[in-house]
Amino acid sequence: MADDRGRVVGLLASFVDPSTRPWGKLRRGIPAASVEDAVAPLLDGRPLVWRSLGADLGRISLSQAQVLGLPEAELGALLDHPGFGRVALQIRRVWAGTPAASVLRGGDVLVRVNGAVVTHPREVELATAAPSVSLTVLRDGALRDLEVPTFEASGEGTRRFLVWGGALLHETPLPVAQQRGRARDGVYVSWIWNGSPAQAYGMWPTRRIIAVDEVPTPDLDTFLAAVAGRADRTAVRVRLRGLDDKETVVTLKLDLHYWPTAELRWTDAGWEREER
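Residues numbered from 1 in each chain as written. Predicted model: local features only at pLDDT ≥ 70, side-chain atom pairs only at ≥ 80, totals over all residues. Heavy atoms only, no water.

Trainee: I would appreciate a short explanation of the overall build of the chain in the present structure.
Mentor: Assigned secondary structure in the chain consists of seven helices and 19 strands. Of all 276 residues assigned to the chain, the portion counted as buried reaches 37%. For the chain, contacts bridging at least 24 residues in sequence account for 54% of all contacts bridging at least 6. Accessible surface computed for the chain: about 15400 Å², of which carbon and sulfur atoms make up 53%. Measuring between centres, the 34 positive side-chain charges of the chain sit 6 Å from its 34 negative side-chain charges. (Helix = DSSP H or I, 4+ residues; strand = E, 2+ residues; numbered from the N terminus. Buried < 20%, exposed > 50% of the residue type's maximum accessible area, 1.4 Å probe, protein only. Contact = heavy atoms within 4.5 Å. Areas by Shrake-Rupley, 256 points an atom, 1.4 Å probe, with all protein chains shown as cover. Lys, Arg positive; Asp, Glu negative; His and termini not counted. Charge placed at Lys NZ, Arg CZ, Asp CG, Glu CD.)

Trainee: So what exactly am I meant to see when it comes to helix H7 (residues 220-227) here?
Mentor: Owing to its 3.6 residues per turn, the α-helix brings residues three or four apart onto one side. Among all positions of H7, only Leu220, Phe223, Leu224, Ala226 and Val227 are buried. On an axial view of H7, the arc spanned by its buried residues comes to 160 degrees, and they lie on one face. Those residues of H7 hidden inside the fold are in contact with strand S11 (160-164), strand S12 (167-171), strand S13 (187-192), strand S14 (208-212) and strand S18 (262-267). Here H7 starts with a cap whose side-chain oxygen sits 3.3 Å from the backbone nitrogen of Asp221, and that cap is Asp219. Phi turns positive one or two residues past the end of H7, at Gly229, with a value near 75 degrees. (Arc of directions from axis to C-beta. Polar contact = N/O pair within 3.5 Å; in protein donor to acceptor, adjacent residues only side chain to side chain.)

Trainee: How should the packing of aromatic side chains be read in this particular structure?
Mentor: Geometry of an aromatic ring pair is reported as the spacing of the ring centres plus the angle between the planes. In total, this model carries four aromatic pairs according to the counting rule given. Relative to Trp271, the ring of Phe161 lies with its centre 5.7 Å away and its plane at 50 degrees, an arrangement referred to as tilted. Of this pair, Phe161 sits in strand S11 while Trp271 is found in strand S19 (residues 270-275), placing the two residues 110 residues apart along the sequence. A relative accessible area of 17% places Phe161 in the buried class. Exposure remark for Trp271: the relative accessible area of 45% places this residue in the partly exposed category. (Phe/Tyr/Trp six-rings, centres within 6.5 Å; stacked < 30°, edge-to-face > 60°.)

Trainee: Whenever I open this one, the environment of Pro149 confuses me. Can you help?
Mentor: Relative to the elements of secondary structure, Pro149 occurs in strand S9 (residues 142-149). With 18 residues separating them along the chain, Pro149 and Pro131 place their C-alpha atoms 5.9 Å apart. What Pro149 contacts, discounting residues up to four positions off in sequence, is Pro99, Ala100, Pro131 and Ser132.

Trainee: Would you mind going over the nonpolar core with me for this structure?
Mentor: Nonpolar side chains in soluble globular proteins generally cluster together in the buried interior. Formed by 22 residues in total, the largest nonpolar core has its most connected members in Trp164, Leu169, Met203, Ile209, Phe223 and Val238. At the level of secondary structure, the elements contributing two or more residues to this core comprise S11, S12, S13, S14, H7, strand S16 (235-241) and strand S17 (247-253). Considering each element in turn, this core owes the most residues, five residues, to H7. Excluding its chain neighbours within four sequence positions, the residues that come into contact with Phe223 are Leu162, Trp164, Leu169, Val187, Ile209, Val212 and Thr217. (Core = buried A, V, L, I, M, F, W, Y, C linked by side-chain atoms within 4.5 Å.)

Trainee: What is the right way to read the side chain of Glu263 from this model?
Mentor: Within the secondary structure layout, Glu263 lies in strand S18. Of the polar contacts made by the side chain of Glu263, one reaches the side chain of Arg265; its length is 2.7 Å. When near neighbours in sequence (up to four residues on either side) are disregarded, Glu263 contacts Arg160, Phe161, Leu162, Leu224, Glu272, Arg273, Glu274 and Arg276.

Trainee: Would you take a moment to explain the layout of surface pockets for this structure?
Mentor: Empty space among the atoms becomes apparent when a probe as large as a water molecule is rolled across them. The volume enclosed by the largest pocket comes to roughly 2100 Å³. Along its surface, the largest pocket is lined by 46 residues, and Phe15, Asp56, Trp95, Glu125 and Gln178 are the ones closest to its centre. Going through the elements one at a time, strand S1 (10-17), strand S2 (24-31), helix H1 (32-43), strand S3 (49-52), strand S4 (55-61), strand S5 (87-94), helix H4 (121-127) and helix H5 (174-180) are the ones with two or more residues in the lining of the largest pocket. The element contributing the most residues to the lining of the largest pocket is H1, with six residues. Here the lining of the largest pocket is composed, by residue class, of 24 nonpolar, nine polar and 13 charged. (1 Å grid on protein atoms, 1.4 Å probe; cavity = no way out; pocket = protein on both sides within 12 Å on 5 of 7 lines; lining within 4 Å. Points joined across faces, edges and corners; volume = space filled by probe spheres on them. Nonpolar A, V, L, I, M, F, W, Y, C, P; charged D, E, K, R; others polar.)

Trainee: Even after reading the chapter, I still don't get the environment of Val137, so can you show me in this structure?
Mentor: Within the fold, Val137 resides in strand S8 (residues 132-139). Separated by 47 residues in sequence, Val137 and Gln90 place their C-alpha atoms 8.9 Å apart. Ignoring anything within four residues of it in the chain, the contact list for Val137 reads Leu104, Asp108, Val109, Leu110, Val111, Ala142, Leu143, Arg144 and Leu146.

Trainee: Honestly, the pairing of S14 in this entry has me stumped. Any pointers?
Mentor: Across a regular strand the side chains alternate sides, sitting on one face of the sheet and then on the other. Across the five residues that make up S14, a large majority, five, are buried. Here S14 pairs with S16 via four bridges, running antiparallel. Of the residues in S16, the one forming a bridge with Val212 is Val238. Here S14 hands over to strand S15 (residues 215-216) after two residues, with Asp213 in that stretch at a positive phi of 50 degrees. (Pairing = 2+ DSSP bridges.)

This is the structure:
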C-alpha cells in the first residue's frame, strides 16, 4: 500500500479470524513503521530482538469505559488525545509465563503508559521498548498504578530440535502462550513422521511432553536425560498435555534402528546433527 507520492505506508497481509467457524481470513495492513522496526537490525547484521508488554490489546468505546467506571477527568484526557479516535485500549489476553501475567488481568482498561494517555497499540508498543513500564489501568471500577516488567522476544526462531521416536521435538513456542494462554513448559511435539512409533502410539503434534516414566521433563535437557540409555524395542511411558490442558498417557515402543534419536543445533557454521 502506497501514498499518493508512491511511498510505501503498509503491507497487506492475511490473518486467520478465530471468531468465525470455520475459521475465515482477515486482510489487514501492517504499518510500514512496524516493518521498518524489524528490518533495520537485520540490515545492520544484528539479531531481531524486541520487548513487549506480553499482552494482547483490543479497543472499546469510551461509553463502555464509562460504564466500567472511568473517571470524568480521564475521559476528558482520552477525548482530547489526538490518537486513534474516541476509544480506549483494553487488555484482552495476557501471555502465559510473562511478567505481565502476574500483574495484569484480561479486561483491564489501559488508560496511561508512563503517565501519558494512550489510545493506539503503537503508542504502547513504543513505550514498552524499555525493561519496565508504568501503567495506569481501570480495574473493578477503580484506577490502579502498576509497574510491569516487559518481555523480551527474539525473531531468531527455534535453534535446537530433537528427533525422537519419529517425532520432531523442541521448546514450546511463544504462540502457545500468546494465543492459547498456556505455559511454555514441557517439550513440544511439532511433527511426526508416517510409520514412526510416535504415529503408531498416538504422540500427536501440538502436545507437550511433560513427563517420561513419571519423571518431569520441563525442557529439552531434562527430556534427554530421562530417555538417555534406553535400549532398542524398550517401552517408554510418556505423559502428554494438549492445548486444552487435558493430559493423556501413551506407552511408546522405541525403534532405534529406523528411528534413531538425534539432536539438531544451529551454529555459526549452520545446522549440525548429532546422534544421541
